[in-house]
Amino acid sequence: MSQAWDFDKIIDRSQQNSDKWGKYPSDVIPMWVADMDFDSPQCIKDALIQRIDEGVFGYTYASKSLVSSIQGHCQTRYDWVPSAAHFVHLPGLVCALHLAVRALTEAQDRIIVPSPVYYHLTKAPEMSDRKLDRIPFVLKGNRWSVDLKTFEESCNKADAKMILLCNPHNPGATVYTQQELSAIQAIAKRHDLLVVSDEIHCDLILNDARHIPFASLNEDAAQRTITLMAPSKTFNIAGLGYAFAIIANSKLRQRFNQAREALIPAPNLLALVAAEAAYRDGQSWHESLLEYLRGNLHYIQERIAGTSIQMAEHEATYLAWLDVRAYQLENPHDFFVKAGVGISDGAGFGAPGFIRLNFGCSRSQLEQAMNRILIALESES
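Residues numbered from 1 in each chain as written. Predicted model: local features only at pLDDT ≥ 70, side-chain atom pairs only at ≥ 80, totals over all residues. Heavy atoms only, no water.

With respect to the packing of helix α6 (residues 148-155) against helix α7 (residues 178-191)
Condition: Between the N-to-C directions of two axes lies an angle of 0 to 180 degrees, each axis being a line fitted to C-alpha atoms and, for a helix, fitted only over the stretch in contact. Numbered from the N terminus, helices here are DSSP runs of H or I no shorter than four residues, and strands are runs of E no shorter than two. The labels follow the angle: roughly parallel below 35 degrees, roughly antiparallel above 145, roughly perpendicular from 65 to 115, and oblique for the rest. Two helices cross in a left-handed way if the nearer one is turned anticlockwise from the farther one by less than a right angle. They cross in a right-handed way if the turn is clockwise. Note on contacts: a residue pair is in contact if any heavy atoms of the two residues lie within 4.5 Å. Residue polarity follows a fixed list, in which Ala, Val, Leu, Ile, Met, Phe, Trp, Tyr, Cys and Pro are nonpolar, Asp, Glu, Lys and Arg are charged, and the others, Gly among them, are polar.
Where α6 contacts α7, the two axes come as close as 10 Å, and the packing angle between them is 15°. As the angle between them shows, α6 and α7 are arranged roughly parallel. For the element pair α6 and α7, the recorded crossing hand is right-handed. Residue-level contacts link Leu148, Phe151, Glu152 and Cys155 of α6 to Ala183, Ile184, Ile187, Arg190 and His191 of α7. Looking at the contact of α6 with α7 residue by residue, the class counts come to six nonpolar, one polar and two charged.

Observations regarding unusual backbone geometry
With glycine set apart, most residues show a phi of negative sign, and most peptide bonds adopt trans. The residue after serine 115, namely proline 116, is reached through a cis peptide bond having omega 5°. Among the secondary structure elements, proline 116 is positioned in the loop between β3 (110-115) and α5 (120-126). Looking along the chain, the bond that leaves asparagine 170 and enters proline 171 is cis, with omega of 0°. Structurally, proline 171 is set in the loop between β6 (160-166) and α7. Its identity as a non-glycine residue notwithstanding, glutamine 108 has a phi of 75°, on the positive side. With respect to the helices, strands and loops of the structure, glutamine 108 is situated in the loop between α4 (93-104) and β3.

Quick notes on the side chain of aspartate 109
Test applied: Here the term buried applies to any residue with accessible area under 20% of the maximum for its type, exposed to any over 50%, and partly exposed to those in between, with areas from a 1.4 Å probe on protein chains only. Counted charges follow a simple rule, with Lys and Arg positive, Asp and Glu negative, and His plus the chain ends left uncounted. For this document, the term salt bridge refers to a Lys or Arg side-chain nitrogen within 4 Å of an Asp or Glu carboxyl oxygen. The definition of a polar contact used here is a pair of N or O atoms within 3.5 Å, where within protein one atom must be able to donate a hydrogen and the other to accept one, and adjacent residues in sequence count solely through side-chain atom pairs.
Turning to its location among the elements, aspartate 109 is positioned in the loop between α4 and β3. No salt bridge is formed by the buried aspartate 109. Its closest oppositely charged neighbour is lysine 161, at 4.2 Å. Separated by 2.7 Å, the side chain of aspartate 109 and the backbone nitrogen of glutamate 106 make a polar contact. Leave out the neighbours within four places in its chain, and aspartate 109 touches Arg130, Lys131, Asp159 and Lys161.

With respect to the sheet that holds strand β5 (residues 144-146)
Note the threshold: Pairing between strands is defined by DSSP: at least two bridges between them are needed.
The strand order across the open sheet formed by eight strands is β2-β9-β8-β7-β6-β3-β4-β5, and the pairing between neighbours is mixed. Sheet topology places β2 (87-90) and β5 at the edges, where each strand pairs with a single neighbour. The mean angle between the axes of side-by-side strands here comes to 25°, regardless of whether they run parallel or antiparallel. When β3 meets strand β4 (residues 131-139), the two strands line up parallel, connected through six bridges. Considered in β4, the bridge of isoleucine 111 is made with leucine 132.

Next up, the structure:
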């Protein structure tokens, strides 16, 4: 399937004002932020060109056909069809995380977050004067899994009000199982906690795991959950700025919307066009992307075999979570930048000694980066 799309194509992004490619000197390969280097699906480019040719770019609302496209996508991939009335359209997922914390909890409320985790899930409580409990992930059978005992203890505290989930988890690449999600839902129900479920990587499953939206578990889960999704990671359109929340509970949705109207603008009209094209017509490209990413993941696993780099089972995302603690690097980020590869330091997610490596790129770029990484680490051995 991958022959239908040229994921080996090298695209020069150095003159595109790219955050990813502008961060480091030109001799450093940037493999940090979750932004792929692949050409976007043709269906998205065609839809954008058609809309631009219309020539008027006034205020725009999300169309019924966009919602229908998302519903069809959710039904196909998760056997879940959220009601059109439950959608809230947003210009991004990060602002939605922060908004949910501020709109639905109070100062000094306690927020529960499995960790290490993408830093905005911890910044959202910290920046809004909420208490933060990090629940550690532990290795079980070479798979990162949340410590449910510690989870229950934190949720049992009188001031606990909300759980922030990241599923699939970033970093760590865990896809929560039905059993794990049901256990968390039971805890949330016992202690009457809201759940904000960041599911932005849900369409990037690389093994036989199945993504289960938290809100789809049962009616109780649906009524206490704010589901956050976006096409940005899957279809490589993060710069356009579109995400959506699904909130079945009308009171929660009203509170969320009231806060949103005062703080957050509507999505860009071109983002709405791109999202609809992605969900309606992007399936072939999407399946080919997953095949290519699986090949890149396998390549990384082959290259680190026999080294002191450890990597747990990788179930989803194009972000490899590598344990380099055996090398006792004083500053992993600076060490690898000096070697010519810009990575994300695990310390920023709450796990010093780990690095996150974006393998959403051509195989040749990945090969060059892995060569530099392994040569540098060999010099430390």
